[in-house]
2 protein chains.
Amino acid sequence: MTDPVLKHALDHQPQLIEALKTLVACPSVGADPAMSQGMEDARQIVEGRLDAMEFQRLQRLTPADGTGQPAIYGERMDAPGKPTMLVYAHYDVQPPDPLEKWDTPPFEPVERDGRLFGRGISDDKGPMMIALETLAAFVAVEGKLPINVKLLIEGEEETGSPSLPGILETHRELLDADAVLSADGARWRPDLVALNVGSRGNAGFEIRVQTASQDLHSGRYGGIVANPLHVLSGLISSLHDDTGHIAAPVFYEGVAEPTNAERAEIAEIPYDEESSFEVIDAKPHGETGYSTLERLWMRPTVDVNGMWGGYTGAGSKTVIPNEAFAKLTMRLVPGQDPETAKQAVIQHLKSQLPDYASMDVYGDRGQGGAYAVPEDHPLLQAAVSALEQTTGQTPLKVRIGASLPLTEIVSRILGLDTVMFSFALSDENFHAPNEFFRLSSITDGLAAWVQIMRQIEAIDRQAFSAFRRT
Amino acid sequence: MTDPVLKHALDHQPQLIEALKTLVACPSVGADPAMSQGMEDARQIVEGRLDAMEFQRLQRLTPADGTGQPAIYGERMDAPGKPTMLVYAHYDVQPPDPLEKWDTPPFEPVERDGRLFGRGISDDKGPMMIALETLAAFVAVEGKLPINVKLLIEGEEETGSPSLPGILETHRELLDADAVLSADGARWRPDLVALNVGSRGNAGFEIRVQTASQDLHSGRYGGIVANPLHVLSGLISSLHDDTGHIAAPVFYEGVAEPTNAERAEIAEIPYDEESSFEVIDAKPHGETGYSTLERLWMRPTVDVNGMWGGYTGAGSKTVIPNEAFAKLTMRLVPGQDPETAKQAVIQHLKSQLPDYASMDVYGDRGQGGAYAVPEDHPLLQAAVSALEQTTGQTPLKVRIGASLPLTEIVSRILGLDTVMFSFALSDENFHAPNEFFRLSSITDGLAAWVQIMRQIEAIDRQAFSAFRRT
Ligand SMILES: [Zn+2]
Ligand SMILES: [Zn+2]
């Protein structure tokens, strides 16, 4: 017999889709000051819906200084003694450029072949609506939620969440919960039932290598002065040894080798390496002794994202430049302290610098640690059960090679763990033209969200306390 | 007792200076099609002067296809049985940009503090006028020249002499001579009496390293694909070993180690290394086992003149680029075949390329061999004697680290040696704003040019035949 809440939610999918289209029609591009009206329109639609669902303490949250795009807050504390979830989503979207590559205008959502197209529809307005309408179905059918829910709907996710730490710090009491359930964060692949249980951290900086006070002519100086492009090449080459291992031992401080169990789990994941690399016309390459997925999920990296110096125009110029530049970023894994890892790379570069060159380090990129949900976290177990029951399959636990600032910020400031429970799929062109969201994901998502609410309801609140770090 | 020819020449310095100013007032910038009238005006002034000096067979020379800026030709074969010199100069000048850095307009020559200022006045109009007015003085005083002179006044020196090989090939008979005496090519330093006896050759190309068909995101690919900036850095690093030696043995094919005599000669040259490097805030750096001047004059180099890839704008972008680029040029020394040397570097790079990357080589820069006047060449000996007699000092034999296309082209096509006998000084801002020419150089130059004509007159023509290569 279908859960009456789920039946209600499924019956109201046409209304959900209409509401989603209305929301997607608001150009809530946080990065573009010219679109501030789109941001405000999106906020008002979300607030209107929460109000209709009788969410309490509705308010806009900013850091103490009042700056930034406000996050929307509302709560229903319907279930005393039951767990409290901080449910996360975001209403801001990526810029739509390049506009000419869209088949239909980004802010005029349309349905084609079982897909809804529009900017932000997969990241994160579709997944957010699934979460909201699941809650609405509970309220409509049962008159209340089975657990306590605090909603935090951010407006700066696509611009790097600069205000989120301040919002969490300023509203620590208001946002207190047992764990975070995120409606953002895409699922890996359409062909797999999976849960994302970890992400890498990041850090970065820029260097400038200098060998003289001015550009020099190679006819007058070739062979008698150092060339900063040669020096910089040497520094970059020195970062990795022949096995692809980073040649700065301190960089690996705190990094655990994957256990046999982890390796076995990763090895079991169906992954067509050959075709994955064929699409990008590249060959697998990385640290010796690790599989591709181990490299991507369990191993830290240092990459040069940009490098330049000297004459880069058409034709030739026989210059020996006096300076050369490189931008570097790292991907970090659990156990690494970002500052320690970054300083290890900087110290390594300094140790390799010859005495005829100088080096500046600047342009700190901000940084964040890696994150992994504890394997036995009750919310993760609830998510596993919910997917098992709605898909008939045990979800594979996967990680991502990228960073999820939310998880790390929430962990650091509120001491809470986060489970990503989005129904976006990673092939849905978010951050690219022709972003879309599968209609089938709405059905799948509603079923899973109704079920995870039931699962959380069944958890003894005390089970969370072992994991809370504040 | 002063040579009456020299006395005449010195007495007519005011006229020489006036004529020089008139010539400098023509903006003969060959690189700028908008200044073609300036080129034509300069040609007509030079032709008028040669006509007045009763030079014969006056004509404009181009390659067989008639393209390019014509060179001016004229001859006086006044001395049957005596040596014939092909006297070289050029009437085109460098572009004057940046105009705002000139204290007075570049094409309004003025005299200040013993210096004449104007674009092209040092390179090469002043030195050319010294040569021409020396010849005029002989004609005025003695009614003829003491030797046979063929004048070749080029119009494309500052744009790389693209037509010069064709001109020499097409007019091989007309231009046949015993040796080339050049009024172009600066003296090294005001404080030294020196003769430039050698220059380095050059070659160059561009490479592109590719590892994938598109830029990749470091969150999705960091650690599992090769980064072309790392690959390129490795290639560039592999070019030199720890001693600064180029790690491609074939590159050194034909390169002779400096002899003890050459090293001793170089060591004797007064050269304040410390202050030379202080001005550019750099430290001496190069191949172990060689002095700075040996490195600059006797040793070949490979330098990266430009290198780039990935994101080079402000801030950060976590991209793994799919391609990276470098522009490379070489400086070559006598004995090296430019093509062999270039291919040695290319083959070395290919041999270092890992199998997960591909490399294109393109953008050939053209190339030219190094050049050195044979030590016992009669024209070099004549130049030494002329300077000894007019300065009281034995000129030091120096080389330059840059390339002199003229010497190499003339050697290759006409089989003739060239002696540079310019009275420009290397600090006179040619190729820069506020180019100037010392008035004292006119006096010094006239004396030396009168004297070298006398010296050449005394050479038995047969002495040249051992050196002619056609
Ligand atoms: Zn998102
Ligand atoms: Zn010149």
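These figures come from a predicted structure and were not determined experimentally.

Chemist: I would appreciate a short explanation of the UniProt feature "domain: Peptidase M20 dimerisation" (unreviewed entry) in chain A in the present structure.
Modeler: According to UniProt, the "domain: Peptidase M20 dimerisation" (unreviewed entry) feature falls on residues 197-356 of chain A. The span residues 197-356 of chain A is 32% helix and 23% strand, and its two end C-alpha atoms sit 47 Å from each other.

Chemist: Honestly, the interface of chain B and chain A in this entry has me stumped. Any pointers?
Modeler: As a measure of interface size, the accessible area lost when the parts come together is often cited. Every contact between the two is made by 67 residues of chain B and, on the other side, 67 residues of chain A. Summing both sides of the interface, chain B and chain A together bury roughly 5,000 Å²; the carbon and sulfur share of this comes to 53%. A per-residue breakdown of the area chain B buries against chain A is headed by Ile-224, Ile-280 and His-285 of chain B, which together make up 14% of the total. For the pair chain B and chain A, the number of links is 0 salt bridges. Summed over the shared surface of chain B and chain A, the number is 37 residue pairs in polar contact (both at pLDDT 80 or more). At the level of secondary structure, the elements contributing two or more residues to the side of chain B that touches chain A comprise β10 (216-217), α6 (218-221), α7 (228-237), α9 (273-279), α10 (292-298), β11 (301-310), β12 (319-320) and β13 (323-332) of chain B. Counted by class, the side of chain B that touches chain A contains 25 nonpolar, 29 polar and 13 charged residues. Here 5 bridges tie strand β11 (residues 301-310) of chain A to β11 of chain B, and the two strands are oriented antiparallel to one another. Pairing of Gly-306 of chain A across the sheet is with Gly-310 of chain B, part of β11 of chain B.

Chemist: Before we go on, may I ask you to explain the coordination of the zinc ion (ligand 2) in this structure?
Modeler: By definition of the ideal shapes, a tetrahedral metal site with four donors has angles of 109.5 degrees and an octahedral site with six donors has angles of 90 or 180 degrees. Donor atoms from the polypeptide that coordinate the zinc ion (ligand 2) comprise His-90 of chain B (NE2), Asp-123 of chain B (OD), Asp-184 of chain B (OD) and Asp-184 of chain B (OD), at 1.8 to 2.7 Å from the metal. Taken together, the 4 donor atoms coordinating the zinc ion (ligand 2) span angles of 51 to 153° at the metal, a pattern that classifies the geometry as irregular.

Chemist: Explain the relation of the copies chain B and chain A here, please?
Modeler: Of the transformation placing chain B onto chain A, the axial shift is 0.2 Å and the rotation is 180°, giving an RMSD of 0.1 Å. Such a combination of turn and shift is consistent with a two-fold rotation axis. An overlap of 100% is found between the interface residues of chain B and their copies at the interface of chain A, pointing to a shared contact surface.

Calculation criteria
Residues numbered from 1 in each chain as written. Chains lettered and ligands numbered in written order. Predicted model: local features only at pLDDT ≥ 70, side-chain atom pairs only at ≥ 80, totals over all residues. Heavy atoms only, no water. UniProt positions renumbered as here; feature names shortened; annotations may be inferred. Helix = DSSP H or I, 4+ residues; strand = E, 2+ residues; numbered from the N terminus. Contact = heavy atoms within 4.5 Å. Buried area = accessible area lost by both parts, 1.4 Å probe. Salt bridge = Lys/Arg side-chain N within 4 Å of Asp/Glu carboxyl O. Polar contact = N/O pair within 3.5 Å; in protein donor to acceptor, adjacent residues only side chain to side chain. Nonpolar A, V, L, I, M, F, W, Y, C, P; charged D, E, K, R; others polar. Pairing = 2+ DSSP bridges. Donors = N, O, S within 2.8 Å, 3.2 Å for Na, K, Ca; no water. Tetrahedral: all angles 85-135°; square planar, octahedral: opposite > 155°, others 65-115°. Least-squares fit on C-alpha atoms with pLDDT ≥ 70 in both.

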